[in-house]
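Understanding the architecture of this molecule
Next come the chains, spelled out residue by residue.
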Number of protein chains: 2
Amino acid sequence: MSGYYSLLQNIERYVAPGAEAREAFFSILREVVVKKRQFIVQPGFVCIHQSYVVQGSFRAFFLSDQGVEHTLQFAVEDWFISDFNSYINQTPASLFVEALENGRILQMAHDDVEALCSRYPVFERYFRIVAQKSFAFAQRRILSNIGKSAEQRYLEFYELYPDIVGRVPQYALASYLGMTPEFLSKIRKRL
Amino acid sequence: MSGYYSLLQNIERYVAPGAEAREAFFSILREVVVKKRQFIVQPGFVCIHQSYVVQGSFRAFFLSDQGVEHTLQFAVEDWFISDFNSYINQTPASLFVEALENGRILQMAHDDVEALCSRYPVFERYFRIVAQKSFAFAQRRILSNIGKSAEQRYLEFYELYPDIVGRVPQYALASYLGMTPEFLSKIRKRL
DNA sequence: CATAAATCTTGAACTGCTTCAAGTAAATCT
DNA sequence: AGATTTACTTGAAGCAGTTCAAGATTTATG
């Protein structure tokens, strides 16, 4: 039950669902335990669920034809993660979503969420706000990618998410920041 | 009236508002004529409106401390543009939004949109879907930025938006793709 | 249409970042 | 605890992309 409460808190930062809507929402959630290195999404399979992280850390990454990994997103407690493109269009995923630590997530299936939103506009609103914030966030990252040096990108990330820096493997962070692990190692040395 | 119809068509790709909701929506729209090189958003001012492009082309860009421009988004007919971060949080903008050609837009004020969404959940849904698609799109761009070479990024953009390539200044496209105008010129030469 | 302003091109020198390879350290498993 | 895998470090060489500067071309304006 613990995870339900923290997700509810997240929701109540933006909207105030009534008791009935809240119960309806809880009823579509499923708590899942995941082990380190486990994949909760894999390329080729449709990403049915969106996952809210109760405990643990995760990453979504793309594996290029040449075998290079590109981390698109990290998620720790109180964040959502999925192959979002696959999730909203219900098309086959192109990303892996991997647990970086043992953890627990709350999964909600796409069709259940859609039905819930149709019935309770308060959730339509919640997911609109979340999507808008996610978009604004992604735009800030794009600006950082096109405008800043590798060192600046690392420092910016470190300022924003010092906890994540200490919690994920360095090669994963490097692939998120768009540089090689070797170069990230060198940046850290000279700072 | 012409612009209203094409925006309505856009909406009806995702949802089906009733006559009343439709009229309420139309009532918050304002059609504005803009001249080439005109700014419709400027840093420091809160971005009150979201703009739907009826005719013309626009770009949103960030001007760094060193005076370098970084284009975050282009918009042509049937696209939305704004400083989205400023718009959703109603905080001062950090971007310019500039008309690249003479054009016409439909502006809708933040507070009017919010009120409309509260009253007509069908619009809540519409803007949720638009935000989700925008986010998924931004994620694809991030992958392209962190994983691909300058030449690959250009080719990818050219495939997706051949029309835009021919329509916007090359320095603007270069700053969108995260490279110098000189280098884009060289890429185009060798292709 | 002539002049100015803005945009694009080209080359040469330079540098931030990658690649490759080998060694060290730290997790993970039995 | 010892063995094995996984992750991180370091240096040397190479290259993708930048910077600077000058000229050519296109677009705007009186």
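Our structure is the block above this text.
Residues numbered from 1 in each chain as written. Chains lettered and ligands numbered in written order. Predicted model: local features only at pLDDT ≥ 70, side-chain atom pairs only at ≥ 80, totals over all residues. Heavy atoms only, no water.

1. Comments concerning the pattern of salt bridges
Considering all chains together, one arrives at 24 salt bridges over all chains under this definition. Notably, a salt bridge pairs A:E98 with A:R59, separated by 2.9 Å at the nearest N-O pair. Here A:E98 is found in strand β7 (residues 95-99), whereas its partner A:R59 is found in strand β4 (residues 58-63), with 39 residues between them in sequence. Residues A:E98 and A:R59 agree in their burial class; the two are buried. Each of A:E114, A:E124, B:R125 and B:R128 takes part in one network of salt bridges that share partners. (Salt bridge = Lys/Arg side-chain N within 4 Å of Asp/Glu carboxyl O. Helix = DSSP H or I, 4+ residues; strand = E, 2+ residues; numbered from the N terminus. Buried < 20%, exposed > 50% of the residue type's maximum accessible area, 1.4 Å probe, protein only.)

2. Here we look at empty space enclosed by the protein
For the structure on display, the rule yields 2 cavities of 30 Å³ or more. For the largest cavity, the calculated volume is near 50 Å³. As for the largest cavity, its lining consists of A:Q73, A:F74, A:W79, A:F137, A:F157, A:Y161, A:I164 and A:Y176. Tallied by class, the residues present in the lining of the largest cavity amount to 7 nonpolar, 1 polar and no charged. When residues are assigned to domains, the lining of the largest cavity turns out to be shared by domain 1 (2-136) and domain 2 (148-191) of chain A, each giving three or more. Of the pockets and cavities examined, the second largest cavity occupies roughly 30 Å³. Every residue along the wall of the second largest cavity is listed here: A:R128, A:Q132, B:Q50, B:Y87, B:I88, B:H110, B:V113, B:E114 and B:F127. Those elements that provide at least two residues to the lining of the second largest cavity are α5 (121-147) of chain A together with α3 (84-89) and α4 (110-119) of chain B. The element that contributes the greatest number of residues to the lining of the second largest cavity is α4(B), accounting for 3 residues. In terms of residue class, the lining of the second largest cavity is made up of 4 nonpolar, 3 polar and 2 charged. (1 Å grid on protein atoms, 1.4 Å probe; cavity = no way out; pocket = protein on both sides within 12 Å on 5 of 7 lines; lining within 4 Å. Points joined across faces, edges and corners; volume = space filled by probe spheres on them. Nonpolar A, V, L, I, M, F, W, Y, C, P; charged D, E, K, R; others polar. Domains from an automatic or database assignment.)

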